[in-house]
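Chain by chain, the residues:
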Amino acid sequence: ELALLQGYEVFLLNRGSKRNFEEKGARYIISDINDTDGVISSVRGLEFDAVVNWIAYTPAEIERDFSIFSNRTRQYIFISSAYAKKKPLQNYYIDESTPLGNPFWDYAQQKADSESALFSHYENDGFPATVVRPSHTYGDAKMLVPLSGARTYYTYAERMLSGKATVVHGDGKSLWTVTHNTDFAKAFVGLLGNFSTIGHAFHITSDEALTWDNIMSIQAKILGVEPNLIHIPSDFIGSVCPEYRGPLLGDKAESVIFNTTKIKRFVPSFICTTPFSLGARMAMEKLLSGEHSVDDEYNRKMNYLISKYLRNGG
């Protein structure tokens, strides 16, 4: 949206089920990125100043994109993840030089391996690679919750509204950096066609770091309730609900503060203007005003986790 507002010629490649930005001037290339021959056919005759892949997760997908775009773009931006950093951290204050490698979470390790594959093509083939590492970026209709999933945002709100216990990992005092998507966009659009960024990786985050207790308390206040938080050790959560082991031990359980000097040096206009107190209110209003339903399975999982922790003397 910001790129369109700034006059960029924007192409969006997807399978055609979502064409939200067509009326705002975006041009759509209807194709499945996993159909290499189909994509090559769809972009035949086109050249780009920048190509961005938001949904590449593995080195194989980097290799696929290299085969498609190596002669079609002056810049290729891979959306990696700050989660790819080496864990456990030796220092909570990290910058782009902090080593990669996350043995706790396959998603994060695959992102790290993808970066390695991409920079290999940069070094050996001159492929014009730029890497972006976001941390927790939020926006419309999304709560910030420790144990989340695609359908759980409203369920967390409903638990708070009804006075049910809501789980926070650890003691709730670990620091977490939160970035509103409109702030992320300012830095990101500043990288597009900025060819001095080729060969570099960038964190794009705000400078606002809050404890998880504070995050949950702010959201409860917006809902008009007192939070009923229950603190459960991350190891225990991971043993009962293994799907949360990676996101917790490989990410949220550790305090992290990002050094954003580099992105500000390459995009001097970048400044975050949406504090969490405001962004959370906008997101909550959108969440509550839209269509929503309670995820009963998720509620059962949370209730089971809480009861098992209490039975074990928690």
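Residues numbered from 1 in each chain as written. Predicted model: local features only at pLDDT ≥ 70, side-chain atom pairs only at ≥ 80, totals over all residues. Heavy atoms only, no water.

Enquirer: Give a detailed account of the environment of D95, specifying residues and quantitative values.
Expert: With respect to the secondary-structure elements, D95 resides in the loop between β5 (93–94) and α4 (106–125). Assessed through its relative accessible area of 27%, D95 is described here as partly exposed. Through-space distance from the C-alpha of D95 to that of N14 is 33 Å; in sequence the pair is 81 residues apart. Aside from chain neighbours lying at most four places away, what touches D95 is K85, H203 and N259. (Helix = DSSP H or I, 4+ residues; strand = E, 2+ residues; numbered from the N terminus. Buried < 20%, exposed > 50% of the residue type's maximum accessible area, 1.4 Å probe, protein only. Contact = heavy atoms within 4.5 Å.)

Enquirer: Requested: an account of the side chain of S31, with residues and values cited.
Expert: Note on placement: S31 falls in the loop between β2 (27–30) and α2 (36–42). Given a relative accessible area of 9%, S31 falls into the buried group. Discounting chain neighbours no more than four positions away, the residues touching S31 are L13, N14, R15, G38, V39 and S42.

Enquirer: Any details on the nonpolar core? Residues and values, ideally.
Expert: If you look at soluble globular proteins, the nonpolar side chains tend to sit buried side by side. Ranked by size, the top nonpolar core spans 43 residues in total, and within it M143, L147, V167, I215, I232, F276 and L305 carry the most contacts. Per element, the largest residue contribution to this core is seven residues, and it comes from helix α7 (residues 212–223). Dropping the residues within four chain positions of it, I215 is found in contact with L144, W176, V178, L210 and F276. (Core = buried A, V, L, I, M, F, W, Y, C linked by side-chain atoms within 4.5 Å.)

Enquirer: Quick rundown of the packing of helix α3 (residues 59–69) against α4? Include the residues and the values.
Expert: Describing two packed helices takes the angle between their axes plus the distance from one axis to the other. It is at 8 Å that the axes of α3 and α4 come closest, and there the two elements cross at 30°. For the pair α3 and α4, the sense of crossing is right-handed. Listed contacts from α4 to P59, I62, E63 and F66 of α3 are Q110, D113, S114, A117, L118, H121 and D125. Looking at the contact of α3 with α4, its residues break down into five nonpolar, three polar and three charged. (Axes fitted to C-alpha atoms, helices over the stretch in contact; angles between N-to-C directions. Left-handed = near helix turned anticlockwise from the far one by under 90°. Nonpolar A, V, L, I, M, F, W, Y, C, P; charged D, E, K, R; others polar.)

Enquirer: Could you give an account of the sheet that holds strand β3 (residues 51–53), naming the residues involved and the relevant values?
Expert: Spatially, four strands are ordered β3-β4-β6-β10 in an open sheet, and the strand pairing comes out parallel. The sheet is open, and its two edges are formed by β3 and β10 (201–204), each paired on a single side. Neighbour to neighbour, the strand axes of the sheet diverge by 25° on average, direction disregarded. In this structure, strand β6 (residues 129–134) lies alongside β10, joined through four bridges in parallel fashion. Residue pairing for β10: P134 is matched across the bridge by I204. (Pairing = 2+ DSSP bridges.)

Enquirer: How would you explain the environment of G45 if you had to name every residue and give the values?
Expert: Among the structural elements, G45 can be located in the loop between α2 and β3. Look at G45 and you get exposed, because its relative accessible area is 78%. Spatially, the C-alpha atom of G45 lies 8.9 Å from that of R72, the residues being 27 residues apart in sequence.

Enquirer: Quick one: what's the story with helix α12 (residues 296–311), residue by residue and with numbers?
Expert: Between its terminal C-alpha atoms α12 stretches 22 Å, which fits the 22 Å expected from 16 residues at 1.5 Å a residue. Y298, N299, M302, L305, I306 and Y309 are the residues of α12 that are buried. Each buried residue of α12 sits inside an arc of 130° when the element is viewed along its axis, so together they form one side. Exposed positions of α12 whose direction lies more than 90 degrees from the buried face are R300 and R311. Taken together, the buried residues of α12 touch α5 (153–161), β8 (166–169), β12 (229–232) and α8 (234–240). With a side-chain oxygen lying 3.2 Å from the backbone nitrogen of E297, the N-terminal cap of α12 falls on D295. Trailing α12 by a residue or two, G313 shows a phi angle of about 90°, which is positive. (Expected span 1.5 Å × (residues − 1). Arc of directions from axis to C-beta. Polar contact = N/O pair within 3.5 Å; in protein donor to acceptor, adjacent residues only side chain to side chain.)

Enquirer: Break down the confidence of the model for the chain for me, citing the residues and quoting the values.
Expert: For the chain, per-residue confidence averages 93 on the pLDDT scale, and residues scoring 70 or more make up 99% of the total. Taken element by element, the chain is modelled with least confidence in β5, mean pLDDT 88, and with most confidence in strand β4 (residues 76–79), mean pLDDT 98. (pLDDT = per-residue confidence, 0-100.)

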